[in-house]
Amino acid sequence: MHELDAKPQIDLTARGPVSTPKETGTCADWILYFDKQYANSKVYNAFSVEELYMRAWGQLNQFADDWELTIRGIYDIQVVLYLTQLCDALADAKSGMYDFFYNAGYFFSKITKHSQGQLTTVLRSIDMEHAQERYSEHLKELAGYVAVQVFKESREARGKWFEISKLLWSGLLYEKELIADELVRLRKMAGERGRSQAERETAVMALAHFDMLSGEDENAWDRVLTGTEVIEPGDWFGYLRDFVHEEKWDRLLKWLRWLGHSIRKEVTYEAAEYFDLWEEAAAGTGIDEEYRRAMVEQLPGSYRHYARFLLGKEEYRAWADLMLCLSISPLDIDSNQLKMVEKADAHALLPLYHYAIDEILQVKNRESYKQGVKLLKKLAAAYKKLKQTPRFEAYLVQLIKQYSRYRAFQEELRKGKLLL
């Protein structure tokens, strides 16, 4: 084990009889009691893990009911951290059992939600300055406890413990001496050749978090460009959402521009989140044209946002061209959007319907003919609105003649009352 892996751990060596948690106790004292009560717990399924978590939370939380508010908050944080670690350990012990993990996602998501909720509640209410001045040793213990869990997690991937670490270091642990010690530890971890790539990258991302907290965005960029193999946009969206909340538009735009090269052009969750943030930035700064260029460059991943943008600008022909370019059938377009375009500029829909009808009839089966008839009815309505019904009828006559040998299509036309 590396030297710094062991350094932050809380010393749980024998300290005499284990008593119930006291207001004057250390985090290590409390954990000794927690371990005595729960370390040897037996579980048989994921439901029983969640049940244990909730029961233990209620039992341990009550010890601090009459404590001074700040130390009670620190105690509650330690309880959450311990129980989260305990549940991880119980899950690891059952890692080879399919039955255990069959419904595990649901129950462990409930545990994670409760943990995050409790941590957020405490961090919002705790007097952080008072905690840093009076309970500095407790905070060191909390920092060490989280560091151990993040290190364990880094063997596979950054997950909930990394997010817990960021949450604590963003406020309660953000104290000069604690930060200095943590930076020394992380820099050494990031530079040690004997560590795995995943471990070094976790240290790099943690260092970048401190860059973000101090507003040194360029330092964060340099770290991740040189210290990680792949830039994951999702790692940064939390910060960007904070920029929106705080109306830090210039900083938000810098990050959106920087992340642009890392956004996949496919329709993905990350692309949707990225352009949600762009939409916020454009609304806050009025830079619609840059927003437009960003969406065009990232098609088709941005198409939902770009379609909404074009409709908002009343650029109906451009909207229809976008649908044609991406081969999106009117059957797959939101009906409200179609109604909006039909009401404002029905001409824009004609090429869209004609192309979709030609494409779907080429499939030449019963289902495609049913869908084709649906589209023909929509096309008929558009021509009627434009007072050009004879043009539709001429098109329909040509279509009937073209597919005269396809009995299923003729039958669907008859059902749809379109057979002339």
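**Points about helix α20 (residues 350-361)**
So, step 1. Over its twelve residues, α20 runs 17 Å from end to end, which matches the ideal 16 Å to within 8%, given 1.5 Å per residue.
So, step 2. Where α20 is buried, its residues touch α18 (316-325), α19 (335-345), α21 (366-385), α22 (389-402) and α23 (407-415).

**Points about the environment of R366**
So, step 1. One can find R366 in helix α21.
So, step 2. For R366, a relative accessible area of 35% translates into the label partly exposed.
So, step 3. In this structure, R366 is in contact with A408, E411, E412 and K415, ignoring residues within four places of it in sequence.

**Looking at the side chain of S302**
So, step 1. With respect to the element layout, S302 can be found in the loop between α16 (288-297) and α17 (303-312).
So, step 2. A relative accessible area of 0% means that S302 is categorised as buried.
So, step 3. When sequence neighbours within four positions are dropped, the list of residues in contact with S302 reads F275 and M295.

**Some details on the packing of aromatic side chains**
So, step 1. Under the defined criterion, the tally for this structure stands at 22 aromatic pairs.
So, step 2. For the pair W255 and W258, a centre-to-centre distance of 5.3 Å together with 75° between the ring planes defines the contact as edge-to-face. Of the two residues, W255 and W258 are both situated in helix α14 (residues 249-259); the distance of three residues between them amounts to about one turn of the helix.
So, step 3. Arranged with centres 5.3 Å apart and planes meeting at 50°, the rings of Y369 and F409 form a pair that is tilted. Separated by 40 residues along the polypeptide, Y369 in helix α21 and F409 in helix α23 bring together distant segments of the chain. F409 shares its class with Y369; the two are buried.
So, step 4. Members of the aromatic cluster, connected to one another through ring pairs, are W30, F34, W67, Y75 and Y82.

**Concerning the layout of surface pockets**
So, step 1. Taken as a whole, the largest pocket holds about 1,100 Å³ of empty space.
So, step 2. The wall of the largest pocket is formed by 41 residues, among which E163, K166, L167, S170 and D242 lie closest to the centre.
So, step 3. When residues of the lining of the largest pocket are traced back to their parent elements, those giving at least two are α4 (69-93), α6 (104-125), α9 (160-169), α11 (197-213), α13 (237-245) and α15 (269-285).
So, step 4. Per-element tally for the lining of the largest pocket: the top contributor is α6, with nine residues.

**As for empty space enclosed by the protein**
So, step 1. For the coordinates displayed, the defined rule picks out two cavities of 30 Å³ or more.
So, step 2. Its boundaries defined by the atoms lining it, the largest cavity holds a volume of some 120 Å³.
So, step 3. Lining the largest cavity are 16 residues, and of these V150, E182, R185, L186 and T202 sit closest to its centre.
So, step 4. Elements supplying a minimum of two residues to the lining of the largest cavity: α8 (136-153), α9, α10 (176-191) and α11.
So, step 5. Across the lining of the largest cavity, the residue classes tally to ten nonpolar, three polar and three charged.
So, step 6. Computed from the structure, the second largest cavity encloses a volume of approximately 50 Å³.

What counts, and where the lines are drawn
Residues numbered from 1 in each chain as written. Predicted model: local features only at pLDDT ≥ 70, side-chain atom pairs only at ≥ 80, totals over all residues. Heavy atoms only, no water. Helix = DSSP H or I, 4+ residues; strand = E, 2+ residues; numbered from the N terminus. Expected span 1.5 Å × (residues − 1). Contact = heavy atoms within 4.5 Å. Buried < 20%, exposed > 50% of the residue type's maximum accessible area, 1.4 Å probe, protein only. Phe/Tyr/Trp six-rings, centres within 6.5 Å; stacked < 30°, edge-to-face > 60°. 1 Å grid on protein atoms, 1.4 Å probe; cavity = no way out; pocket = protein on both sides within 12 Å on 5 of 7 lines; lining within 4 Å. Points joined across faces, edges and corners; volume = space filled by probe spheres on them. Nonpolar A, V, L, I, M, F, W, Y, C, P; charged D, E, K, R; others polar.

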